[in-house]
Structures are given as structure tokens and as C-alpha cells.
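As a plain string of letters, each chain reads:
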Amino acid sequence: MDEIRVTATRLSDPEARRVYGESVLLADDFAKAPTVHVDEILGQIPGLSLFRRASSLLANPTTQGVSLRGIGPNGAGRALVLLDGVPLNDPFGGWVFWSALDPQRIAQASVVRGSGAGPYGNQALTGVIRLESKMPADFTLDGMAEIGTRGTRLLSLGIGDRHDKMSYALSGHYRKSDGFILRDKQSRGAVDVPAKSDVARISGVVETALSDSVTLSGKVGWFEENRSNGTILTGNDTEVLDGSLRLVRDAGPSDLRYELTAFITERDFSSRFSAVDAGRASESPVLDQFNVPSRGAGLLAVLRVPLADGQSLDLGGDVRRLEGETNEAFRNLGDGFTRVRRAGGDQWLAGLYADYAGTVFDHLGLSGGIRLDYWRTFNGVLTESDLADGTLVRDDAILDRDGLLLNGRLGARYRLTDALSARISGYSGFRLPSLNEFFRPFRVGNDITEANPDLEPERLYGFDLGVQFQPLNSISLGATYFRNWLHDGVGNITVALGPGIFPPTGFVPAGGSLRQRQNIDRITADGIEMEGRVAVGGQLSMVLRYLYVNARITDAGEIADLAGKRVAQSPKHSLTMGADWTPTPKWSINFDGRYLGAQFDDDGNSRFLSSAFTLDMAIRYRLSADVQMFLAAENIFGETVESQTTGDGDILRAQPQLFSLGVELSL
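Thresholds, definitions, all that
Residues numbered from 1 in each chain as written. Predicted model: local features only at pLDDT ≥ 70, side-chain atom pairs only at ≥ 80, totals over all residues. Heavy atoms only, no water. Helix = DSSP H or I, 4+ residues; strand = E, 2+ residues; numbered from the N terminus. Rg over C-alpha atoms; globule rule 2.2 N^0.38 Å. Buried < 20%, exposed > 50% of the residue type's maximum accessible area, 1.4 Å probe, protein only. Contact = heavy atoms within 4.5 Å. Areas by Shrake-Rupley, 256 points an atom, 1.4 Å probe, with all protein chains shown as cover. Lys, Arg positive; Asp, Glu negative; His and termini not counted. Charge placed at Lys NZ, Arg CZ, Asp CG, Glu CD. Salt bridge = Lys/Arg side-chain N within 4 Å of Asp/Glu carboxyl O. Core = buried A, V, L, I, M, F, W, Y, C linked by side-chain atoms within 4.5 Å. pLDDT = per-residue confidence, 0-100. Pairing = 2+ DSSP bridges. Polar contact = N/O pair within 3.5 Å; in protein donor to acceptor, adjacent residues only side chain to side chain. Phe/Tyr/Trp six-rings, centres within 6.5 Å; stacked < 30°, edge-to-face > 60°.

A. Broad picture of the overall build of the protein. From N to C terminus, the protein includes three helices and 36 strands. Its C-alpha radius of gyration of 25 Å places the protein within 12% of the 26 Å reference for a compact globule of 667 residues. Dimensions of the protein, computed from the C-alpha atoms along their principal axes, are close to 80 × 55 × 45 Å. Taken across its 667 residues, the protein has 56% of its residues classed as buried. A sequence separation of at least 24 residues applies to 66% of the contacts in the protein between residues at least 6 apart. Total accessible area on the protein is roughly 27400 Å²; 59% of this is exposed by carbon and sulfur atoms. The protein carries 68 positive and 84 negative side-chain charges, and their two centres are separated by 3 Å.

Structure (C-alpha cells):
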């Protein structure tokens, strides 16, 4: 028989890079999960969180930025998310449209905690989440249909094949939910409706082997989402079109290897906000972001140079152009909007890096790198005009800004015995504030937040100390101590409370607040991560993960009343547990449990969110080799998960109780 070599679609990480804290979720972790929301599945790793506790099922997209280790979560996120090497972070706001991801199409997720200064630049402040898509080795046809409570309906289909040197994959999914009322019965009123959503996605990829070691792949994807955000007048709509090309040469370890990735994305977004009266009997529109276009394009390149046995040097660079703006109507005095605002700008990001990885003396793995980034923010605009006659009432003078940032990382992993290893690493990284943070004010209810074009880039410095013990293939234990310092972290800082008139915003109503995005001098976070895995007899596997993090503001500069406060949206204790049991070849049962400790909802630590424990479960029964049925339950016990405390003291909820029944096909 002729030998067929299947080439890799990306450069694999050298073994020595295990010096950095990493957790890996495989295709089975996504396929067997009780939920279909990728951000919730990734939430099996404690400390991986969106801005608030609500998942992408309910959360406004502008709060779906992801952070790691509880180090100052915010709407833009502080972690880089990649799919097949392409950034998923929004060009305008930094958040991630998690609903565009189908867990059935993911082959692996690698979550690297700690700053990714080497191969990764902007956004990889607290770490990087790398997702890789499935590609077929032979003909495949698979799908899933699901119906459930709260009007849940889902249909997912995929087809793929490989012919000689070429393969393709085409997939799509549609998901609809009639939603969940965010307020409990005691605090809701006539304006409150379920936060529902409709999601549709189509993507295709073609891959060809140009030689035994060189692969070229092209990918295009389209995504649309429509949401209601909990009241009659609020909601948002999204449309995304992405495309990318990837060229990889993954030859033998003694040969030159390289990877080139080019990508482009076009996104359209709109969103509507309202103010509700005290009795929640009526609401009025306060902000209509009727057109929020954004665009992003970039090129990433890396050349892997072989050194001595088991050692290599990566020489790479990347460049990214981002642009976006918001066009919105606001200032409703009772008879409709009276003003229109345009706010936005452009960014350039370019970086060069060198990153070494190698094994020396058999037992010692070393990895380290240095990275230099140039950033530029320009074409900034913030204008407000009278809607009736076009009179300009605000035109902020925004200067172009740029700068250079130098970062690095260094780590070592020493194998003490065949079962025990220890590692140490130090690192630094940065995040440039998003165009949204620089230029766009916004309002949620009676709370108003002003932009700040003078924000400085966020910088993170830290180190890890870890041990790993694996006496058997079926048992592993790991623990890591980390300490991080976040400098100039961007936060929404309260500067005034309503009622009153405050420049440049104007009137702030009673019960409302005026905030501004400002740099916080220093946030310090100490923490411990622990993970244990055990497999019994090939039928039962269990994993337990725990995170303790003490994240607090240690230097607030001129914002004196924040010094010593805990970071908002960051619980001290997080715990996840999972079990996968296959009692017979036809039956399988999966449990996922998650505990979130109490946390504060605001920078002043005046709004409190209680702890919560949720348990999800999925039971599958195989009807044949190609078909299986499943019953899934999320938040089985109906635990109240508090996601937000409003200015008037009411609690908004997340993570509703859901039950669903479905069938899966795989040919």
C-alpha cells in the first residue's frame, strides 16, 4: 500500500514550552459536555470567565470579553482567543462572539495562563486560549438536533472528506432560545421580557497538501445573532464575515519550519438600551447604537530554526490593523432622541519576537523569549450633533498616540523523577485599550460611563511556581502558585452619583452614576491553582480543579478610596469538577459541577454577589454505531446565580435551569 502522510495544519508547540501553566480540553470534552456554549465548557477551568457570571446564552456581547485567573475581568477581556491561529477578539471592543463557535467542530482547546509575551502580543495579558478546528481524515457526515425547555431549538450539520492531498469541511448550526427573565418575580415589572436569542453560523475550510511537509488551508465563515436583552426595548444584532489563509511547513525536527497566517474580518453590530421607571411599568429608549461597523486584518509569521537536538528558535512577527466606530442616537427628553454621536478610531499593532525552546541535560526543559511591539492609535473622533438641525454640540480634540513596548518570558521545567516535575516561569505582557474603551461613552439604564482617549496600555508582570505528579497514566496531580501585578488596568471608575449635571456628560438621573474609564495604578493578585485527574478501569474518569485568587487594588493613585478594595467580578474561590462514566458500551453519563465564591459587582465594593453552585448532567444512549440519543440538564437544582446588582439594589440572574432532549448522528 502507498503511504499517505497527513500534514499538520499548524506548528505544534515544542515539549519544552510546558514550562508555562497550561490546561488542555480535547474534542471529547466539548462533544460530551451538557451545554452547547463554548464559553461554559471552557469554564471548566477555574478563573476563566466573562465579565459577569452570565454565559453567552444571556450576556450582552459587549460583556463577553474573557479573562483568566480572576485578574480584573472587564468587558473587553484580558486574554487572547485564537481559532486556527486567527484572533477572535472583536476589532472595536475586544470582546468575543462565543455564540459563533460550535463545540462539535472543536478538536482541542489549549489554555495557557500567564502573559503570552513570546508568540502573542496584544490582548494576551493574562493568557491565551487557542482553539483548533476539526479536519476530516476520511468522509464524515455528522449532525445534532435538540429541543428543550425555554423554547430551546438547535440544529447542527457538518460534512467533510479527504481526497488524496485535499480535504474540505463545511458546517453550520442554528440555535434559538425563547430566553429567561433576568429578574426574579418580586422585582420584575411589565417591561421585563425573556432575554432570548437567535444564532446562525456557516463556515467552510479547504486544505491541500502542497508537498509532504507543506499545507495550505483557506477558511471563510459567516455568523448572525439577534438578541433581546431583558426588556421590551433593549436588544442587539450582530453580523460577522471572516476569512483566513494559512500556510504551514512542518518538516522534521532538523529542518526549517514555518507558519504564515493572513486574516480579515468585517463586523456589523447594533444595540439598544433603555431607562426603566421605578415601578418597572414603562421604559424609554436612552441609547440606540444603530450602526457599529468594525474591521480587522492581520498577518502572522513564524520561522522555526532547528538548533541542537531537541532545541529550536522561533523568529516571528505580526501586524494587525483595527478600525471601528459607533453611530448612535441618544438624549431622549421624552419625545424621542435629540442628538446623534459618532465615536471611534483606528489602531496599528506590529510586533517582532524571538522565542527559544529546548531540552538540555535530559531532565531540564527551558523556554524563553523577548518581544517588541509598536502601537499606534489614530483618527480618533468623538462628535455629538443636534439631530434636528445638525448643529455640532461636542467635538473632542483627540490626539494621535503611539509607543513601543518591550516584554519577555522565561521558564524552566525540571523532571525530578519519572513521575514528578517542577517548573518556574516569569513573564510580562500588555493590552492596548480597545477602540471602544478609548473613544465610546455608553449608558446602561441610569449608569453612564465616559470614554477616555488618554488611557495607557495595561501591563502585567508575574511569575509561576508549579509541580506536577503523575505516578500512573491514570492519575495526575498538579499545583501552581502565582503572583501577578497588573499596572494601569482599565476600570470603570465612579466619579459622581446622580442626580446632577456633570460635564461633559450632562444630566445624571437619581439612582444613576457617572463613571469614566481610567487606569488603576496597580492590581496585585496572589493565587493557587490545583488540578487532579483520575481514571478507573477505562470506564470512569474524574477531574477536580480549584483556584484561589486574592486580587486587590494595591495602588489607586489619585483614586484614593479604591486602595485596598477587591477587584470587581473576581471571587476568591472557584471550584469545578467533572465526571465521565461509561457503565456499558451503549450508555455514558457526564457531570459538570461549578462553584463560584462570593464577589463584588463594583469597584467600590458596595454591591455584593452571593456564592453559587451549579450542576450540569448529560446522559447518552447509543442506538447504533452511528446514532445516539441524549438527555441534558443544566443547573439541575435551579440554583440562583446572581450576575449583577443594579443601582436600585435589584439582583439580575444568570444560568437558568434548562432541560433538553436530542439526537446525534455521525457517519
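B. Geometry of the pattern of salt bridges. As enumerated under the stated definition, the model contains 49 salt bridges in all. Salt-bridge contacts for Arg-409 lead to Asp-355; the nearest nitrogen and oxygen are separated by 3.3 Å. With Arg-409 in strand E18 (residues 401-415) and Asp-355 in strand E15 (residues 337-360), this pair connects stretches of sequence that are 54 residues apart. Arg-409 gets classed as buried once you look at its relative accessible area, which sits at 8%. Glu-456 is the salt-bridge partner of Arg-401, the closest N and O atoms lying 3.1 Å from each other. Of this pair, Arg-401 sits in strand E18 while Glu-456 is found in the loop between strand E21 (447-450) and strand E22 (458-472), placing the two residues 55 residues apart along the sequence. Residue classification places Glu-456 among the partly exposed positions, given a relative accessible area of 37%. Where salt bridges share partners, they join Glu-328, Arg-341, Glu-384, Arg-394, Asp-396 and Glu-450 into one cluster.

C. The arrangement of the nonpolar core in detail. The biggest cluster of nonpolar side chains holds 23 residues, and the ones touching the most others in it are Leu-42, Trp-98 and Leu-131. Of all the secondary structure elements, the ones that give two or more residues to this core are helix H2 (38-42), strand E2 (80-83), strand E4 (106-113) and strand E5 (127-133). Once you skip the residues sitting within four places of it in the chain, Leu-131 turns out to touch Val-81, Leu-82, Leu-83, Asp-84, Leu-88, Leu-101, Ile-106, Gln-108 and Ala-109. Judged by nonpolar contacts, the second largest core, of 22 residues, contains Trp-95, Trp-375, Leu-382 and Ile-398.

D. Structural detail: the confidence of the model for the protein. Mean pLDDT over the protein works out to 90, with 98% of the residues at or above the 70 mark. No element of the protein has a lower mean pLDDT than strand E20 (residues 442-444), at 72, and none a higher one than strand E32 (residues 612-622), at 97. Counting interchain partners and residues more than four positions distant, the pLDDT-below-50 stretch residues 1-8 has eleven contacts.

E. Main features of the sheet that holds strand E1 (residues 22-26). If you walk across this open sheet you meet the five strands as E1-E4-E5-E2-E3, and the pairing is mixed. Whereas interior strands pair on both sides, the edge strands pair on one side only; in this sheet they are E1 and strand E3 (86-87). Bridge count for E1 against E4 is five bridges, and the pairing is antiparallel. For Ser-23, the partnering residue across the bridge sits in E4 and is Val-111.

F. Fine view of the side chain of Thr-645. Position of Thr-645 relative to the elements: it lies in strand E34 (residues 641-645). The exposure class assigned to Thr-645 is buried, which follows from its relative accessible area of 7%. One polar contact links the side chain of Thr-645 to the main-chain carbonyl oxygen of Phe-608, over a distance of 3.5 Å. Apart from the residues lying within four places of it in its own chain, the contact partners of Thr-645 are Asp-601, Arg-607, Phe-608, Leu-609, Asp-650 and Ile-651.

G. Main features of the packing of aromatic side chains. This model, assessed by the stated rule, comprises eight aromatic pairs. Ring geometry for Phe-438 and Phe-439: centres 5.7 Å apart, planes at 35°, overall tilted. Considered together, Phe-438 and Phe-439 belong to a single accessibility category, that of buried residues. Residues Phe-463 and Trp-485 carry aromatic rings whose centres are separated by 6.2 Å and whose planes lie at 45° to one another, so their mutual orientation is tilted. Note that Phe-463 is positioned in strand E22 and Trp-485 in strand E23 (residues 475-497), a separation of 22 residues in sequence. Ring pairs connect the aromatic residues Trp-95, Phe-97, Phe-223 and Phe-269, which therefore count as one cluster.

H. Fine view of unusual backbone geometry. With an omega of 5°, the peptide bond between Gly-498 and Pro-499 qualifies as cis. Along the chain, Pro-499 turns up in the loop between E23 and strand E24 (500-502). Its identity is not glycine, yet Asp-84 carries a phi of approximately 55°, on the positive side. Summarising the element assignment, Asp-84 is placed in the loop between E2 and E3. Since its relative accessible area comes to 14%, Asp-84 is described here as buried.

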